[in-house]
Each structure stands twice: as structure tokens, then as C-alpha cells.
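Notes for the structure review
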Amino acid sequence: MKTTRKILLGSLILIGLQFAWTGCVVPVGGAGVIYGGNPWFQDDVWLDGGGRGWYGGNGGGAYVHPNGGNRGGGGGHR
Amino acid sequence: MKSIPRLAPVLAAVALLAGGFPSLVHAAKFPPLNTPAVTEHRPGKLVWADLFTADPDGATKFYCSLFGWTATTLDQKDKSYTVFSNAGSPVAGLAPRSVKGASHPSRWIGYFAVTDIAAALDAVIKAGGTVHAPARNFPDRGYQAIVTDKDTVPIGLLQSGSGDSPDDERQPGDWNWFELYVKNPKDSSAFYHDAIGFDVAPESNSNRKSEFVLSTAGQARGGIAPLPDGDDVKPSWLGVIRVADLDQTLAKVPGLGGEVLVAPRSVEFGSRFAIILDSTGGTVGLVQYLDNANPANSQ
């Protein structure tokens with residue numbers, strides 16, 4: 001029993017050190033958006049696009065300025 | 001007591017597994033926005049865009065097939081980040097989402113250039129926005145954050161580590177313009193003025209009085225247009241990509257699993273424009289300069 005308790009204690013200490021080393025932020029697979037090798041933020045519905053329903057689907061009244069362009073400069077990037 | 005040293009490797013393995021090997025994970029290095037680096041910064045310019053998608057393979061196939069982009073995968077364990085390049089220059093990224101299924105349509109998020117990410121986040125919060133992805137340094141790209149505006153539309157902020165590129169004319173396959181569609185463009189224009197520092201002016205080339213152009217340093221960076229009425233519409237930024245031939249591009253869309261949401265139409269400056277849905281539910285605009293002339297030159 002004594003040995004078992006020590007094993008458990010040792011495990012807890014090692015896991016605790018792990019938390020301390022990573023600033024208590026431990027990546028959990030699938031729990032967030034991985035970006036640059038590590039989770040960056042939690043995945044949630046705010047990130048969902050509008051899909052087919054976006055814009056009502058029919059595009060009535062669609063408008064876009066075709067080129068912010070050199071009328072003033074660069075709407076694009078690169 | 002003897003069993004402790006013998007079990008040490010096992011305990012260490014258990015601890016590492018419990019932590020998901022965090023200390024062994026090295027952040028993937030992103031390519032810098034500009035190679036070679038430039039010294040100028042252009043706050044307010046849309047300098048990058050990421051597609052957040054639950055179907056990375058499908059999205060990669062769609063965009064590479066449609067625009068001739070090439071994809072370079074950066075290793076991130078089991079969830080790779082993809083850099084799309086157009087004619088050899090990085091133009092966009094793809095970040096996989098942890099959720100799956102068509103109920104989570106993909107979304108493009110454009111990143112505005114900022115010169116001080118911390119100050120930019122403060123300004124967003126003061127203007128009524130919310131921080132969803134905190135500022136983080138991504139070598140060699142720079143500091144990034146993702147926020148939502150007062151209408152909960154996501155936007156990115158990017159303090160580039162390699163400066164911001166000149167405002168050159170975009171080529172086919174490049175982002176050409178960004179437009180925000182919202183219910184109340186006037187309210188939104190106030191947010192973008194306060195949060196990002198845009199100069200806001202009514203769109204003088206349109207009959208729609210509620211449309212605005214966002215500029216910095218005299219350069220038009222994007223526009224704000226009203227969403228049509230309806231319960232199913234959703235405010236969103238729309239990135240518009242220049243194509244050489246709009247009809248040819250649109251003809252490929254259904255075969256790649258996409259859909260034409262807004263049929264091609266003539267717009268200002270002698271251009272044609274359409275909106276498509278990609279095979280994963282992301283929306284993107286397409287524009288063709290007629291006669292391959294930069295419509296801006298007709299002004």
C-alpha cells in the first residue's frame with residue numbers, strides 16, 4: 001500500500017510539473033483550433049460561416065466595390 | 001521503495017501522455033508575409049486571410065483547382081496548417097477546425113494590418129468588439145489575434161514581422177477587395193473607425209447612400225454594404241478574388257462541389273462580379289476586370 005501511494009504521489013507531482021511547465025495550458029486533442037502547432041482558441045459557432053443561407057441565398061441586391069484599387073490604392077494584399 | 005525508480009519511466013510516460021506532449025510540440029513556422037521583408041507598415045490593409053474549415057482536404061482541392069493556387073502543408077501533428085500560394089507568393093491559409101460536418105460551414109477571415117497588436121485589441125474592446133483568439137506570436141509571420149466586431153463578425157488583426165507589402169495591382173488569383181455586409185452599415189462604419197482607425201466615406205460611385213468605403217492613408221481598403229432583409233442572412237466579410245475569366249471560373253464551380261450564389265453581373269468600373277459557395281460552405285467573391293484593364297484606371 002505504501003508503495004502504491006508513493007507511485008500515485010509521484011505521478012501527481014509529475015503531472016503537476018507538466019502543468020507548471022506549460023503555464024497550466026495543456027492542449028487537449030480536438031478541443032480547439034490548432035494554429036502554429038498548438039491550440040490557439042476554442043472552436044465555437046461564432047466561427048461558422050453563413051454557408052448557403054448567407055446573403056439569403058438569392059443574391060438580390062448584391063453589391064461589391066470591384067476594386068478599392070488604385071482609385072485609392074490597394075484593396076487587395078500581397 | 002525499490003519499485004519507485006523502476007517505475008519512473010512509466011510514470012514519466014503517463015505524465016507526458018496526460019499532458020499531450022505539450023513541451024515536445026514545436027510551433028510550426030509560418031512563412032513571412034513578405035520575402036524579402038519590407039520596412040513599411042500599412043495599418044488597415046487586409047494582408048492575409050485564413051479559411052477555417054472542418055474539411056481541409058475538400059477545401060484545398062477546391063481552391064487549388066479553381067484558382068491554380070498551390071498548397072504547402074505545415075506540420076502540426078494531426079491537424080496541418082496549409083499555406084496557399086498564387087504564382088509563388090503566399091496569399092492565404094487554411095486552418096482545420098475541430099468540429100466536423102456541414103452544420104459548421106467554413107469561414108474566411110481576413111486580417112487587418114496593425115502596428116501594435118496590444119493597442120489594437122484595446123481599441124477593439126473599447127469600440128464594443130470581443131477578443132476570441134488572443135494575441136500570439138507566430139514566427140516568422142508576426143503577432144495575430146482574432147476578434148469579432150459589434151455585429152459578431154470575425155476579423156483578424158496581424159502585426160506583420162516582415163512589414164506590409166506595397167499597394168500593387170492585384171493579379172488573377174489574388175485578393176482584390178473585401179466587403180462587409182451588415183444590417184446597419186452606418187453603425188458598423190463607426191466601429192471600424194474607432195477600432196481599426198479607418199477613415200469612413202460614403203461610397204460616391206454608388207446610388208446606395210448607406211454604403212461606405214474604408215480607407216487608411218488615402219488608400220481604399222474595403223467597403224461596407226447592407227445585407228438584404230431576411231431572417232436567414234448573416235453579417236459577414238466577403239473576400240473577393242480577381243480572376244482572368246469569370247465565366248470560365250464559374251463553369252468549374254459545380255464540378256468541384258461548389259455553387260454559384262450570386263450570378264455574374266456588371267458592377268462599377270467596368271468589372272463583372274459573382275459570389276460562390278465553395279465545397280465546404282465558405283463564401284468568396286470573384287471579380288474580372290473587363291478587357292483585363294484595371295477598373296481603377298477608368299476613374
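Reference entry: report on the structure contained in this document.

Conventions used here
Residues numbered from 1 in each chain as written. Chains lettered and ligands numbered in written order. Predicted model: local features only at pLDDT ≥ 70, side-chain atom pairs only at ≥ 80, totals over all residues. Heavy atoms only, no water. Helix = DSSP H or I, 4+ residues; strand = E, 2+ residues; numbered from the N terminus. Buried < 20%, exposed > 50% of the residue type's maximum accessible area, 1.4 Å probe, protein only. Phe/Tyr/Trp six-rings, centres within 6.5 Å; stacked < 30°, edge-to-face > 60°. 1 Å grid on protein atoms, 1.4 Å probe; cavity = no way out; pocket = protein on both sides within 12 Å on 5 of 7 lines; lining within 4 Å. Points joined across faces, edges and corners; volume = space filled by probe spheres on them. Nonpolar A, V, L, I, M, F, W, Y, C, P; charged D, E, K, R; others polar. Pairing = 2+ DSSP bridges. Axes fitted to C-alpha atoms, helices over the stretch in contact; angles between N-to-C directions. Polar contact = N/O pair within 3.5 Å; in protein donor to acceptor, adjacent residues only side chain to side chain. Arc of directions from axis to C-beta. Expected span 1.5 Å × (residues − 1).

1. A word on the environment of Lys186 of chain B
Examined against the element boundaries, Lys186 of chain B turns out to sit in helix α4 (residues 185-196). Here Lys186 of chain B falls in the exposed class, since its relative accessible area comes to 61%.

2. Topic: the packing of aromatic side chains
One pass over the full model with this rule turns up 27 aromatic pairs over all chains. Look at Trp69 of chain B and Phe84 of chain B: their rings are 5.3 Å apart centre to centre, the planes differ by 40°, and that puts the pair in the tilted class. Of this pair, Trp69 of chain B sits in the loop between α2 (56-67) and β2 (70-74) while Phe84 of chain B is found in strand β3 (residues 81-86), placing the two residues 15 residues apart along the sequence. You'll find Trp69 of chain B and Phe84 of chain B in the same group, each marked buried. Chaining the aromatic ring pairs together yields one cluster made of Tyr35, Trp40, Phe41 and Trp46 of chain A together with Phe30, Phe52, Tyr81 and Phe138 of chain B.

3. Topic: empty space enclosed by the protein
Empty space among the atoms becomes apparent when a probe as large as a water molecule is rolled across them. Residue and element names in this part refer to chain B. Applying the stated criterion across every chain yields a total of 3 cavities of 30 Å³ or more. As a volume, the largest cavity reaches approximately 120 Å³. Contributing to the lining of the largest cavity are 17 residues, with Arg107, Trp108, Ser236, Trp237 and Thr283 lying nearest its centre. Those elements giving two or more residues to the lining of the largest cavity turn out to be β5 (107-113), β9 (175-182) and β13 (236-242). In the lining of the largest cavity, the residues fall into 8 nonpolar, 8 polar and 1 charged.

4. Here's the deal with the sheet that holds β5 of chain B
All names here are of chain B. The 8 strands lie next to each other as β2-β3-β4-β1-β5-β8-β7-β6, forming an open sheet whose pairing is mixed. In the strand order of this sheet, the two ends are held by β2 and β6 (130-138), each with one partner. Across the sheet, the mean angle separating the axes of adjacent strands is 25° when strand polarity is ignored. As paired strands, β5 and strand β8 (residues 154-160) are joined by 3 bridges and run parallel to one another.

5. Some points on the side chain of Arg242 of chain B
All names here are of chain B. Counting through the fold element by element, Arg242 comes out in strand β13. Overall, Arg242 belongs to the buried group, its relative accessible area being 5%. A distance of 2.7 Å separates a polar atom in the side chain of Arg242 from the backbone oxygen of Arg170.

6. Structural notes on helix α3 (residues 117-126) of chain B
Residues and elements named next belong to chain B. Buried within α3 we find Ile117, Ala120, Leu121 and Val124. Buried residues of α3, viewed axially, fall in a sector of 100°; they line one side. N-cap assignment for α3: the residue whose side-chain oxygen lies 3.1 Å from the backbone N of Ala118 is Asp116.

7. With respect to the sheet that holds strand β14 (residues 259-267) of chain B
Two modes of strand pairing occur in sheets, parallel and antiparallel, and in both the strands are linked by backbone hydrogen bonds. Residue and element names in this part refer to chain B. Spatially, β10-β11-β12-β9-β13-β16-β15-β14 is the arrangement adopted by the 8 strands of the open sheet, whose pairing is mixed. The open sheet has two edge strands with one neighbour each: β10 (199-202) and β14. Taking each pair of neighbouring strands and ignoring which way they run, the sheet shows an average axis angle of 25°. Where strand β15 (residues 271-277) and strand β16 (residues 283-289) come together, 7 bridges link them in antiparallel fashion.

8. Regarding α4 of chain B
Given 3.6 residues to a turn, an α-helix orients residues that are three or four positions apart in the same direction. Residues and elements named next belong to chain B. The end-to-end C-alpha separation of α4 is 16 Å, in line with the 16 Å expected for 12 residues at 1.5 Å each. Those residues of α4 not exposed but buried are Pro185, Ser188, Ser189, Phe191, Tyr192, Ala195 and Ile196. Along α4, the residues classed as buried sweep out an arc of 160° about the axis, all on the same side. Gly197 occupies a position one or two residues after α4 and carries a positive phi of about 90°.

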